[in-house]
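# Reading the structure
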Amino acid sequence: MVTGPHCSRKRSLIYDTCKWILAFTLLVNTFHVNAGSFPTLPLKVGYIHNVGHDRYRRSDQFQSQRNNLKGKPGQGYYVEMEIGTPPQKINVLIDTGSSNFAIAATPDPDIDKFFQRENSSTYSLIGTSVYVPYTQGNWKGTLGSDLVTLTSLPNVTVTANIAFITESKQFFINGSNWQGILGLAYSSIARPDQSVTPFLDSLIDNTGISDVFSIQLCGDKFEQQTDKDVELGGTITFGGVDPKLHSGPVFFTNIHKQWYYEVVIVDVQVNGESINLDCKEYNFPKTIVDSGTTDLRLPNKVYTSVIDHIKNYVQNSPKAPALTHGFWTGDIDLCYKDGAIPYDIFPFVALGFAENDQQSFKIIVAPQQYIKSVGKDDENPDEICFKLGIASSSSGTVIGAVVMEGFYVVFDRQSNRIGFADTTCPAVAQQFNRSHMSGPYQFSGSIGNCAYAKPEKSNKTLTIVAYVLAGICGACILPLLFLFVQYQWRTSKCYEKFKRQNSDGDSNDLIDEPSFMHES
């Protein structure tokens, strides 16, 4: 026979199980109600910047920073720094698409020098391990700190966090002449976490200069030289905008999110005509301005449409050569004697941005930018070769160096916006129209409608789960409630009186007891 105490434990177990199911059901329903209640912040309104602003007007203060960038086609732009005590000169790639400041601290076959920590009296070990992967390549290192001076800002020295690279794979580029990377984006994407203060933040915090920097990338420094490697030149200006390096107004669009320099494209045009895709496609899943990426990279659907429009334009040109599939995929170069490529067989490509909900502007990218020079042909040294600088991307639109080389680009972190203006760099090919700004235009769309947002997970599943759990809970509680009522009734005086009135004797008393009191 089953004893009374065992039955009590059984009821207690069932009760506790139902209690937890009920609690979980209430929690799920609470989440379901509140999931959509988080606030959203409105975008700031952009506008054409007044170049007479004090922060941007004093061109003489930027003179020492001019022409401080060097590089080679496809290998990026670098700036020279002095690190440690006594100072060791290291060239670092400028990269607006990352946030870590990292330099080589051990020998590598692809570089000609590295920072020797043991020779710096001001080097300090923090010890945190850092790993940073890129689209191609990666590096590992150890976090430390040391004194850093930009040679173009000789009177400014700051103590900065530095990742000292001890291991890398396909990161350094042989012959590029840089031995590290200067990430200029926000701390939220710093590795291993946002507690690592980026160099730019240290510079701003310790010197009091404006939280603004601007970049002029000039592409081929020596136009169409066939007797030497093509070199790149440019300027990165910390603390403001150098009016000597741009012409005309600066058009601004808001920084959509402060991690990368994320912006929102509202239209893409080829030869003056929109490719007519949903504007969310242009920003799927994001659009960033990244000096560390060479090409203009587009989401697959946008890339396919842009290339098809360019192909159609080229096929209608009587001067167009036979272009193979390999050229369009970026695998085969297009070579011309003395670099005399007929750029006019290719169309202009335009990217549209909104200043606010009423006005927009376009940056019109000339073929001289997206058909990029890659230097001399190894087999025919009289020829300069070119490669298509537009590629597909699975991680969103990247406005890389081939676009930035056509404009003066302002990273106004202080006002949360990115600016574009016509550059004063010499034109790559004087006889052809160059990249230029266009606008303002009336804009009737919505920046928010063009920004890609990850779809919220459907609450339908949570609702179904809540109802199922509620049903299970109800199925558990109702029998217990019935048994409890029955038990209370049978132990009451009324029941005893009722039983005596309806019983012929005592021999059958146990027959009417609850079934769990009998042997199974």
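First, a word on what this report is: a plain description of the structure on this page.

Conventions used here
Residues numbered from 1 in each chain as written. Predicted model: local features only at pLDDT ≥ 70, side-chain atom pairs only at ≥ 80, totals over all residues. Heavy atoms only, no water. Helix = DSSP H or I, 4+ residues; strand = E, 2+ residues; numbered from the N terminus. Buried < 20%, exposed > 50% of the residue type's maximum accessible area, 1.4 Å probe, protein only. Contact = heavy atoms within 4.5 Å. Areas by Shrake-Rupley, 256 points an atom, 1.4 Å probe, with all protein chains shown as cover. Pairing = 2+ DSSP bridges. Axes fitted to C-alpha atoms, helices over the stretch in contact; angles between N-to-C directions. Disulfide = S-S within 2.5 Å. Phe/Tyr/Trp six-rings, centres within 6.5 Å; stacked < 30°, edge-to-face > 60°. Lys NZ or Arg CZ within 6 Å of the ring centre and 35° of its normal. Salt bridge = Lys/Arg side-chain N within 4 Å of Asp/Glu carboxyl O. Expected span 1.5 Å × (residues − 1).

This part takes up the overall build of the protein chain. Broken down by element type, the protein chain carries 11 helices and 27 strands. Out of the 520 residues in the protein chain, the part that is buried amounts to 47%. A separation of at least 24 residues holds for 72% of the contacts in the protein chain among residues at least 6 apart in sequence. Summed over all atoms, the accessible surface of the protein chain reaches about 26,500 Å², with 52% contributed by carbon and sulfur.

Attention now goes to the pairing of strand E18 (residues 334-337). Going residue by residue along E18, you find Leu334 and Tyr336 tucked away on one face and Cys335 and Lys337 left uncovered on the opposite face. As judged from the 4 bridges shared by E18 and strand E22 (residues 383-388), these two strands associate in the antiparallel manner. Bridged to leucine 334 within E22 is phenylalanine 386.

Quick look at the sheet that holds E18 now. Within the open sheet, the 3 strands sit side by side as E18-E22-E21. Their pairing is antiparallel. Where the open sheet ends on each side, the last strands, each with one partner, are E18 and strand E21 (371-376). The sheet shows a mean angle of 30° between the axes of neighbouring strands, direction not considered. Sheet analysis places E21 next to E22, joined by 5 bridges and oriented antiparallel. Within E22, the position partnered with isoleucine 371 by the bridge is leucine 388.

Strands pair in a sheet through their backbones, by hydrogen bonds, and they do so in one of two ways: parallel or antiparallel. A sheet is described by the order of its strands in space; here 5 strands give the open sequence E15-E14-E19-E20-E27, paired in antiparallel fashion. Either end of the sheet is taken by a strand with one partner, and the two such strands are strand E15 (273-274) and strand E27 (436-442). Of the strand pairs in this sheet, strand E14 (residues 265-270) and strand E19 (residues 349-354) are connected by 5 bridges, and their pairing is antiparallel. If you follow aspartate 267 over to E19, its bridge partner there is glycine 352.

To continue, consider the state of the cysteines. In this structure the tally under the stated criterion is 3 disulfides. Note that cysteine 218 is cross-linked by a disulfide to cysteine 425, the S-S spacing being 1.9 Å. Because the torsion about its S-S bond is -70°, the bridge between cysteine 218 and cysteine 425 counts as left-handed. Of the two residues, cysteine 218 sits in strand E9 (residues 212-220) while cysteine 425 sits in the loop between strand E26 (417-423) and E27, which places them 207 residues apart along the sequence. With respect to burial, cysteine 218 and cysteine 425 carry one shared label: buried. Each disulfide pairs two cysteine sulfurs, and for cysteine 335 the partner residue is cysteine 385, the sulfurs being separated by 1.9 Å. Residues cysteine 335 and cysteine 385 are joined by a disulfide whose S-S torsion is about 100°; by sign, that bridge is right-handed. Of this pair, cysteine 335 sits in strand E18 while cysteine 385 is found in strand E22, placing the two residues 50 residues apart along the sequence. Of the residues examined, cysteine 335 reaches a relative accessible area of 26% and is grouped as partly exposed.

A few words on the packing of aromatic side chains. Across all of its chains, the model carries 22 aromatic pairs by this definition. Centroid distance tyrosine 123 to phenylalanine 164: 5.2 Å. Interplanar angle 85°. Geometry classified as edge-to-face. Of this pair, tyrosine 123 sits in the loop between strand E4 (101-104) and strand E5 (124-133) while phenylalanine 164 sits in strand E7 (residues 157-169), and the two are 41 residues apart along the sequence. With centroids separated by 5.2 Å and ring planes inclined at 50°, the aromatic side chains of tyrosine 186 and tyrosine 261 adopt a geometry described as tilted. You can see tyrosine 186 sitting in the loop between strand E8 (180-183) and helix H3 (199-207) and its partner tyrosine 261 sitting in strand E13 (residues 261-263), a full 75 residues away along the chain. One aromatic cluster in this structure is built from Tyr186, Phe213, Phe238, Tyr261 and Phe411. For lysine 257, the ring lying beneath its charged end belongs to tryptophan 259, and the centroid distance is 4.1 Å. The ring of phenylalanine 252 is capped by arginine 417, whose NZ or CZ atom sits 3.8 Å from the centre of that ring.

A few words now on H3. When H3 is considered as a whole, its buried residues turn out to be Phe199, Leu200, Ser202, Leu203 and Ile204. Directly after H3, the chain includes glycine 208, whose backbone phi takes a positive value near 80°.

Attention now moves to the pattern of salt bridges. In this structure the tally under the stated criterion is 8 salt bridges. The partner of aspartate 344 in a salt bridge is lysine 319, and the shortest N-O contact between them spans 2.8 Å. Note that aspartate 344 is positioned in the loop between E18 and E19 and lysine 319 in the loop between helix H5 (300-315) and helix H6 (325-328), a separation of 25 residues in sequence. The shortest N-O distance in the salt bridge between lysine 387 and aspartate 333 comes to 2.8 Å. Of this pair, lysine 387 sits in strand E22 while aspartate 333 sits in the loop between H6 and E18, and the two are 54 residues apart along the sequence. For lysine 387, a relative accessible area of 19% translates into the label buried. A single salt-bridge network, built from bridges that share partners, covers Asp201, Asp211 and Arg413.

What follows is about H5. Compared with an ideal rise of 1.5 Å per residue, which puts 16 residues at 22 Å, H5 spans 22 Å between its outermost C-alpha atoms and is within 8% of the ideal. The complete set of buried residues in H5 reads Val302, Tyr303, Ser305, Val306, Ile307, Ile310 and Val314.

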